[in-house]
Amino acid sequence: MKKVDKKWVLLCSTAIAAVYSAGYYTTESQAAVQPIQQHIVSNLQKNNDSLNGTGKKVVNSQKNKLYKDGTFTGSGWNRRGSIGVQVTIKNDKIKDVEISDFAMHYSESDVVGLPDEVLKKQNAQVMNVSGATYSTQAFQDAVQEALDQARNA
Amino acid sequence: MTIQKWIKTPKGYVTATLVSYLIIASIGSKNIMGVKNGIIAICLAFVVDFLYCRMKNRKSSKDSTVITGLFISLILSFTTPWQIVAGTAVIAILSKHLLVYKKKPIFNPAAVGLLLSIFIFQTGQSWWGAFGDLPAWTIIFLVIGGYLITDRVNKFPQVLSFLGTFFVLLLLMGMLNVGNAADAFRPPFINATLFFSFFMLTDPPTSPAKYKNQVLFGILSAVSGVLVYGIFGGLTYLFIGLFIGNIYSYLQKRSSSKATVLTQNVKTQYQTRTSRNACR
C-alpha cells in the first residue's frame, strides 16, 4: 500500500498538538487545585488547633510530650494522585489512622492495610509489600505530614 | 537473517526501540529492577510459548514473544514482585495462542495480560518505561521512536485519528469540568497515551491495514478509552479502548473473509455451469 503523504502527517500532527495545548491550558487550573486544596485542609486543621483556647492549654500541659493530643490531617501526593489521612494521637501514641480521601489512579485496596501497620509501628514508615509504590509513598507522606503537625515545637 | 536485516523489519524496529527505552528508563530511575523484570517476563513468555507450540505442533514467533515480555516489564511498576511479572507474561502468551482468528491473535497479547493482571493480581502499572517518572522533556524519545515505528508499519492514519479524537474528547471534558481530564494531559498519563498509541495500537496482526479502517479503528479506540476514563478513572482505559478497536478489526477481517469465500463460490459455480454448457 502507498505510504501516507508526509505533508498530511505534518498537518494532522500540528492540529493534534494544537488541541493538546488547548487541553493542557484549559485544565491548568484544575491540575493546580488538587494539591492546593489538600494544603488548605491541613493548614486549616493546624490553625484551628493553635487558635482555639484549649489548644494553648493543651500545649502548656504537654510540654514534655513529643506530640500534641488530638486529630491531625495530612496529605501526600505524587503524579499518580493524592491521599488524605486523619491521625488521632493521645499521650504520644498513635491511636487511630483513617484514610479520609483517596484520589489515586490505583485501587484503594492497595493501601487498606497500611493504617493498621502505622498503629503497629507507631510511625509513618510502612512496608511496600504489594508493589503499590506510588500509593504507599503518598500514604507515608500523608501520615508524616499529620505527625509533623502534631509535633510539639 | 543477519542482525542488520532483522533490525530493519517492523519487529526488529520495535524490539530495538523498546530495549533502548528499558535502558534509558533504568538509567533515569537509577534502578535495575526493571531490567530484571524484563528478563523474567521474556524468559517466562519464551517457556510458555515453546511448550504450547510443542504441544500443538505450531510455529512460534520469537520476536513477538520478546516484544510482549518487553511491554509487560516497561508498563508494570519495577517494584512489582517477580511472580506477578511472570503471571502476567503467562496470561499474555496464552491469549496470543488461544484468542485467535486464522492463527493470528485477535487482541494485543500484552494488553490482555496487563489488563487481566490488574484484576487478578491488583498490579500497579506505572508505565515507567514510557518515562512517566522522568522529566517531561524525555517525551521526545517517545515521539522520535514512535514516529519511526508508525512510519515503518504504515499506521499514521490510525495513530493520528486516535490521538486527535482522544485529545478533542479530553478537551471537552476539561471545558465541561467532567472527570479528571487534567491528569490525562500530564505526565505520567500523557506518556502512557503516547507509548500506547505508537507501540501497542499499531500492532499489525491486531489492527486493520486499509486506511479507512485504520481511521475508524483509531476513533473507536479513543472514544471507548475516554468513556472508560471519564466514568471509572483508573488505568484500564487505554487497554479497554484497544480491545474495542481489536474487536472491530476482527469483525472486519471476518466479514471480508466471508465475502471472499462467497465470491469464490459464485466464481466456481459460474465456471462449472459454463463448462457444462460447453460440453452440451
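Residues numbered from 1 in each chain as written. Chains lettered and ligands numbered in written order. Predicted model: local features only at pLDDT ≥ 70, side-chain atom pairs only at ≥ 80, totals over all residues. Heavy atoms only, no water.

**Student:** Can you break down the pairing of strand β2 (residues 81-90) of chain A residue by residue, with the values?
**Tutor:** Residues and elements named next belong to chain A. Across the 10 residues of β2, 7 count as buried, placing the element largely inside the fold. The sheet contact formed by strand β1 (residues 70-78) and β2 spans 9 bridges and is antiparallel. Among the inter-strand pairings, Phe72 is bridged to a residue of β2, identified as Val87. Pairing of β2 with strand β3 (residues 93-104) involves 10 bridges; the strand directions are antiparallel. Its bridge partner lying in β3, Thr88 is registered against Asp96. In sequence, β2 turns back onto β3 through a hairpin of 2 residues, with Asn91 there showing a positive phi of about 50°. (Buried < 20%, exposed > 50% of the residue type's maximum accessible area, 1.4 Å probe, protein only. Helix = DSSP H or I, 4+ residues; strand = E, 2+ residues; numbered from the N terminus. Pairing = 2+ DSSP bridges.)

**Student:** Account for helix α4 (residues 62-75) of chain B, with residues named and values stated.
**Tutor:** One full turn of an α-helix is made of 3.6 residues, so residues set three or four places apart face in the same direction. Residue and element names in this part refer to chain B. Compared with the 20 Å implied by 1.5 Å per residue over 14 residues, the 20 Å span of α4 between its first and last C-alpha is a close match. For α4, a buried count of 12 out of 14 residues is recorded, marking the element as mostly surrounded by other parts of the structure. Among all positions in α4, only Ser64, Thr65, Val66, Ile67, Thr68, Gly69, Leu70, Phe71, Ile72, Ser73, Leu74 and Ile75 are buried. (Expected span 1.5 Å × (residues − 1).)

**Student:** Describe in detail unusual backbone geometry, supporting the description with residues and values.
**Tutor:** For the bond running from B:Pro187 to B:Pro188, omega is 0°, close enough to zero to count as cis. Examined against the element boundaries, B:Pro188 turns out to sit in the loop between α9 (181-184) and α10 (189-200). Backbone geometry places A:Asn91, a non-glycine residue, at a positive phi of 50°. Along the chain, the position of A:Asn91 falls in the loop between β2 and β3. With relative accessibility at 49%, the residue A:Asn91 sits in the partly exposed group. Even without being glycine, B:Gln122 reaches a positive phi, approximately 50°. Take B:Gln122: it is sitting in the loop between α6 (109-121) and α7 (139-153).

**Student:** Could you give me a rundown of the interface of chain B and chain A, with the residues and numbers involved?
**Tutor:** The partner chain A presents 31 residues to the 41 residues of chain B that form the contact. In total, about 3,100 Å² of surface goes out of reach between chain B and chain A, with carbon and sulfur atoms giving 59% of it. Looking at the side of chain B facing chain A, the largest losses of area belong to B:Leu160, B:Phe185 and B:Arg186, adding up to 18% of the total buried there. Scanning the region where chain B abuts chain A turns up 3 salt bridges. Note that A:Arg80 is salt-bridged to B:Asp133, the shortest N-O span being 2.4 Å. Viewed at the interface, chain A and chain B are joined by 17 residue pairs in polar contact (both at pLDDT 80 or more). The element best represented in the side of chain B that touches chain A is helix α8 (residues 156-175) of chain B, accounting for 10 residues. Along the lines of polarity and charge, the residues of the side of chain B that touches chain A split into 22 nonpolar, 13 polar and 6 charged. (Contact = heavy atoms within 4.5 Å. Buried area = accessible area lost by both parts, 1.4 Å probe. Salt bridge = Lys/Arg side-chain N within 4 Å of Asp/Glu carboxyl O. Polar contact = N/O pair within 3.5 Å; in protein donor to acceptor, adjacent residues only side chain to side chain. Nonpolar A, V, L, I, M, F, W, Y, C, P; charged D, E, K, R; others polar.)

**Student:** Got a sec to walk through the sheet that holds β2(A)? Specific residues and values, please.
**Tutor:** Residues and elements named next belong to chain A. The strand order across the open sheet formed by 3 strands is β1-β2-β3, and the pairing between neighbours is antiparallel. Two strands lie at the open edges of the sheet, namely β1 and β3, each paired on one side alone. Strand-to-strand twist of the sheet, defined as the mean angle between neighbouring strand axes without regard to direction, takes the value 20°. Contacting β1, β2 and β3, helix α5 (residues 133-150) crosses the sheet at an angle of about 145° to β1. (Axes fitted to C-alpha atoms, helices over the stretch in contact; angles between N-to-C directions.)

**Student:** With reference to specific residues and values, describe the layout of surface pockets.
**Tutor:** Over the atoms, a rolling probe the size of a water molecule traces out where space has been left empty. Residues and elements named next belong to chain B. In this structure, the largest pocket spans a volume of roughly 710 Å³. Forming the boundary of the largest pocket are 27 residues, of which Lys11, Ser61, Ser64, Pro105 and Pro205 lie nearest the centre. Of all the elements, α4 adds the most residues to the lining of the largest pocket, at 4 residues. Along the lines of polarity and charge, the residues of the lining of the largest pocket split into 13 nonpolar, 7 polar and 7 charged. Considering only enclosed or pocket space, the second largest pocket measures out at about 400 Å³ in volume. (1 Å grid on protein atoms, 1.4 Å probe; cavity = no way out; pocket = protein on both sides within 12 Å on 5 of 7 lines; lining within 4 Å. Points joined across faces, edges and corners; volume = space filled by probe spheres on them.)

**Student:** Give a description of the environment of B:Gly12 that names residues and reports values.
**Tutor:** Residue and element names in this part refer to chain B. Counting through the fold element by element, Gly12 comes out in helix α2 (residues 10-29). Along the sequence, Gly12 and Asp63 sit 51 residues apart, while their C-alpha atoms lie 7.6 Å from each other. Sequence-distant contacts of Gly12, defined by excluding residues within four places in its chain, comprise Trp6 and Ile7.

**Student:** Tell me about the environment of B:Leu163, residues and numbers included.
**Tutor:** Mapped onto the secondary structure, B:Leu163 falls in helix α8. Looking at B:Leu163, the relative accessible area reads 5%, which means it is buried. Residues B:Leu163 and B:Gly34, spaced 129 residues apart in sequence, show a C-alpha to C-alpha distance of 28 Å. For B:Leu163, the residues in contact, after removing those within four places along its chain, are A:Ile16, B:Thr193, B:Leu194 and B:Ser197.

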